[in-house]
Amino acid sequence: MTDDEPDAAIAVVGSYNHDMSVTVPDLPVPGETVMGEKFEQNAGGKGSNQAIAAARGGGDVSFIGSVGDDRFGEAARELWAEEDIDAAGVLTGDAPTGAALIHVEESGENAIAVAPGSNHELSGASVREKQAVIEDADVLVTQLETPIESVQAAATVGEAAGTEFILDPAPAQELPDELVAAVDVATPNESEVRVLAGHDPDADVEEAETARTVLDRGPEAVVVTLGADGALVVTDDQTVAVPPIAVDVVDTTGAGDAFNGAFAVARGEGADLVAAAERGVAAGAAACTERGAVPSLPSRSTIDSYLDD
Ligand code: RIB
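As the structure is a computational prediction, the values presented were derived from the model and not from experiment.

1. Here's the deal with unusual backbone geometry
Inference 1: The residue after Ala170, namely Pro171, is reached through a cis peptide bond having omega -5°.
Inference 2: Examined against the element boundaries, Pro171 turns out to sit in the loop between β9 (164–167) and α6 (177–182).
Inference 3: We note that Asp84 has phi near 65°; this positive angle belongs to a residue other than glycine.
Inference 4: You can see Asp84 is positioned in the loop between α2 (71–82) and β5 (86–92).

2. Some thoughts on the sheet that holds strand β12 (residues 231–234)
Inference 1: Pairing within the open sheet is mixed, and its 9 strands lie in the order β5-β4-β1-β8-β9-β10-β11-β12-β13. Bordering the open sheet on either side are β5 and β13 (239–242), each of which pairs with just one other strand.
Inference 2: As paired elements, strand β11 (residues 221–225) and β12 share 4 bridges and run antiparallel to each other. Bridge pairing in β12 links Thr225 to Ala231.
Inference 3: Contacting β1 (9–13), β4 (60–67) and β8 (139–142), helix α1 (residues 46–56) runs over the sheet at an angle of about 165° to β4.
Inference 4: Sheet contacts for helix α9 (residues 255–268): β1, β8, β9, β10 (185–186), β11 and β12; angle to β9, the most-contacted strand, approximately 165°.

3. Here we look at the site of the ligand
Inference 1: Close to the ligand lie Asn17, Asp19, Gly44, Gly45, Lys46, Asn49, Ala100, Ile112, Glu145, Gly254, Asp257 and Ala293, which account for all nearby residues.
Inference 2: Separating an oxygen atom of the ligand from a side-chain N or O atom of Asn17 is a distance of 3.1 Å.
Inference 3: In this structure, an oxygen atom belonging to the ligand sits 3.0 Å away from a side-chain N or O atom of Asn49.
Inference 4: Alone, the ligand offers 280 Å² of accessible surface; in the complex the protein occludes 96% of this.
Inference 5: Among the secondary structure elements, those contributing two or more residues to the shell around the ligand are β2 (17–24) and α1.
Inference 6: The residue inventory of the shell around the ligand, partitioned by class, reads 3 nonpolar, 5 polar and 4 charged.

About the thresholds
Residues numbered from 1 in each chain as written. Predicted model: local features only at pLDDT ≥ 70, side-chain atom pairs only at ≥ 80, totals over all residues. Heavy atoms only, no water. Helix = DSSP H or I, 4+ residues; strand = E, 2+ residues; numbered from the N terminus. Pairing = 2+ DSSP bridges. Contact = heavy atoms within 4.5 Å. Axes fitted to C-alpha atoms, helices over the stretch in contact; angles between N-to-C directions. Near = heavy atom within 4 Å. Polar contact = N/O pair within 3.5 Å; in protein donor to acceptor, adjacent residues only side chain to side chain. Areas by Shrake-Rupley, 256 points an atom, 1.4 Å probe, with all protein chains shown as cover. Nonpolar A, V, L, I, M, F, W, Y, C, P; charged D, E, K, R; others polar.

What follows is the structure, given as C-alpha cells:
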C-alpha cells in the first residue's frame, strides 16, 4: 500500500472481555487444583482483540459490541480511544462486562472459560441500528462470542452492501446454513473446521478435505489456522499451505485474533488470500512471543519485520 491510498476500513462485530490469566506448569485436569505462578489482568475478548490487531496492523477500524456499566467497560472504552478505534457502535448494557478466566501452561498452550455478561446483550436489532458502519467498510469481521443473531444481522447487512465477510468461528459451535452461506472467508482453527464441517471437534479427518466440506456450505474460501504449522488456504481452485514462522512461544492467547486482524487488513488492501494469510501467520507468530492478548498484538512494522526475515 502507498501512503496516498486510504486505509482499509474494517468493521468488527464482537466481544470484549476482561481477561484474568494464571500461568501454570500444566493445565489442571477436572477436579485438580494446581499451584500457578503469575496472575495478570488484561483487556481481551476475541472481537476487541481482532479490532485492536487490525488497527495496529494499519486498518481504519470500527467496533460494534456491548460492555457493562462498570470499571471494566470504562477501561475498554479508554483502550479503544487509545488504539484509535471508532467505538461509537458499542452499547452499554445492563449485565456486567464479559470476563475470561485463562490458564496458560509453560508450553504456551491455554484453556479459557468466558462469562459473556454484556456480550450477550448484543442483539440483531442493535447491530442493524449501526449498520452504516458495516456498509461503509471494506471488510466485516465477526466471531462467535456474541449471540448468533448479532452475527447473522451483521452478515446480512454485509452481504447486501458487498462488504467482504470474514468469520472466525470461535468458540466452535454448530451454525445455521444461512449464516455459513453468507461467509466469504472462514478462518477456523483445526478443531473449529471439523465442527463447521459437521464432525466432532476431535474427529480424525484430514484438514483440506474437511475445509472442502465447509466450502460446500457456501464460503468462497476456508483458511485453516494451524498454530505452529502455519495455515492452509482452501478454495475450489487451490489448496495452499502457508508455512509457519518459528518463534519461542510464551503464550498463545490472542494469536488467532492477531491472525484475523492482520488477515482482514490485508484483504481490505486488496491482498490475495495467500498473501493475506502470510501476514496473518506472521502476526500470530509475533503474538505468541508475549504474555496476554492485547499486549502481544503486533504493530504493522512488527508484522513486516517477520516477513522480511
Ligand atoms: O482469543 C483470546 C480471547 O478469547 C481472550 O482474550 C479471551 O477473552 C477469550 O475471548
